[in-house]
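Analysis of the macromolecular model
So the chains spell out like this:
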Amino acid sequence: MNFIAMDFETANHQSHSACSLALVKVENSQIVDEFYTLIQPETPFFWRNIQIHGIRPEDVRQAPKFPDVWHKIEKYFQKNRLVVAHNAAFDTKVLAGCLDYYRLPQPNYLSLCTVKTSRRLFPEMPNHRLNTVCENLDITLKNHHDALEDSRACAEILLYQEKYFGTDPLKKLVTVK
């Protein structure tokens, strides 16, 4: 499989408040590259978000704003390119929110949610949160809510599912963005 695993962390509940982003590139079912950056959101931080991911306003003061980040990563969001996230509804909403906020065009790409694939393939799990799925599949997740750790874990979940179930059940859950 070839895909990009994506994870955002946000400063608050606003969809354009991305404060970190990670991408993990998979080619031929192998992780081949990683990208991580802090992002300076143009919106205040909410204490609960800081409590979840540990990123504070002072951590992002010198970080690039989203448009600068987008110019580095937009090549991965193309028609017929698969972008995967655990709870993809959240991450694709953040991406769309940031693009809208900065009046950047929305890309067309293929999307797959590993929460949905996990629900379909592992109905016996007590829930399908990232940490639960990782624990049940013996996938390392050292620092949950670190965008890079979460992206790696998401990639490993999909690779596990491909290995044990093949691509056919996964293809049925791919959507077009």
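Starting afresh in each chain, residues are numbered from 1 along the sequence in its written order. Note on the predicted model: pLDDT of at least 70 is required for a residue's local features to be given, and 80 or more for side-chain atom pairs to be given and counted; whole-chain, interface and lining totals, by contrast, use all residues. Values shown for side chains rest on all heavy atoms present in the structure; no hydrogens or waters enter the calculation.

Position of Glu 27 among the secondary structure elements: in strand β2 (residues 18-27). Residues Glu 27 and Asn 2 lie 25 residues apart in sequence; the distance between their C-alpha atoms is 4.5 Å. A polar contact of 3.2 Å, which involves the side chain of Glu 27, links it to the side chain of Lys 25. Only DSSP runs of H or I with at least four residues qualify as helices, and only runs of E with at least two residues qualify as strands; both kinds are numbered from the N terminus onward. Whenever two N or O atoms come within 3.5 Å, that pair is a polar contact, provided that in protein one can donate a hydrogen and the other can accept it, and provided that, for residues adjacent in sequence, both atoms are side-chain atoms.

Structurally, the position occupied by Val 69 is in helix α3 (residues 66-73). Sequence separation between Val 69 and Phe 46 is 23 residues; the distance between their C-alpha atoms is 22 Å. Once you skip the residues sitting within four places of it in the chain, Val 69 turns out to touch Leu 21, Phe 35, Thr 37, Ile 39 and Pro 64. Two residues qualify as a contact provided that any one of their heavy atoms is within 4.5 Å of a heavy atom in the partner residue.

Attention now moves to the side chain of Glu 9. Here Glu 9 is to be found in strand β1 (residues 3-10). With residues near it in sequence (within four places) discarded, Glu 9 still touches Ser 17, Ala 18, Cys 19, Ser 20, His 53, Ile 55, His 145, Asp 146, Ala 147 and Asp 150.

With that out of the way, let us pick up the packing of aromatic side chains. Pairs were defined over the aromatic rings of Phe, Tyr and Trp, the Trp ring being its six-membered one, requiring ring centres within 6.5 Å. Orientation was assigned from the angle between planes: stacked under 30 degrees, edge-to-face over 60, tilted for the rest. Counted according to the given criterion, the structure contains nine aromatic pairs. Judged by centre distance (5.3 Å) and plane angle (85°), the rings of Phe 77 and Tyr 109 are edge-to-face. Remark: Tyr 109 occurs in the loop between α4 (88-101) and β5 (110-113) and Phe 77 occurs in the loop between α3 and β4 (82-85); sequence separation between them is 32 residues. Whether a residue is buried, partly exposed or exposed follows from its accessible area with a 1.4 Å probe, protein chains only, as a fraction of its type maximum: under 20%, in between, or over 50%, in that order. A residue is classified by how much of its surface remains accessible, and Tyr 109, at 4% relative accessible area, is buried. Judged by centre distance (4.9 Å) and plane angle (80°), the ring pair of Tyr 101 and Tyr 102 falls under edge-to-face. With relative accessibility at 38%, the residue Tyr 101 sits in the partly exposed group. For Tyr 102, a relative accessible area of 19% puts it in the buried group.

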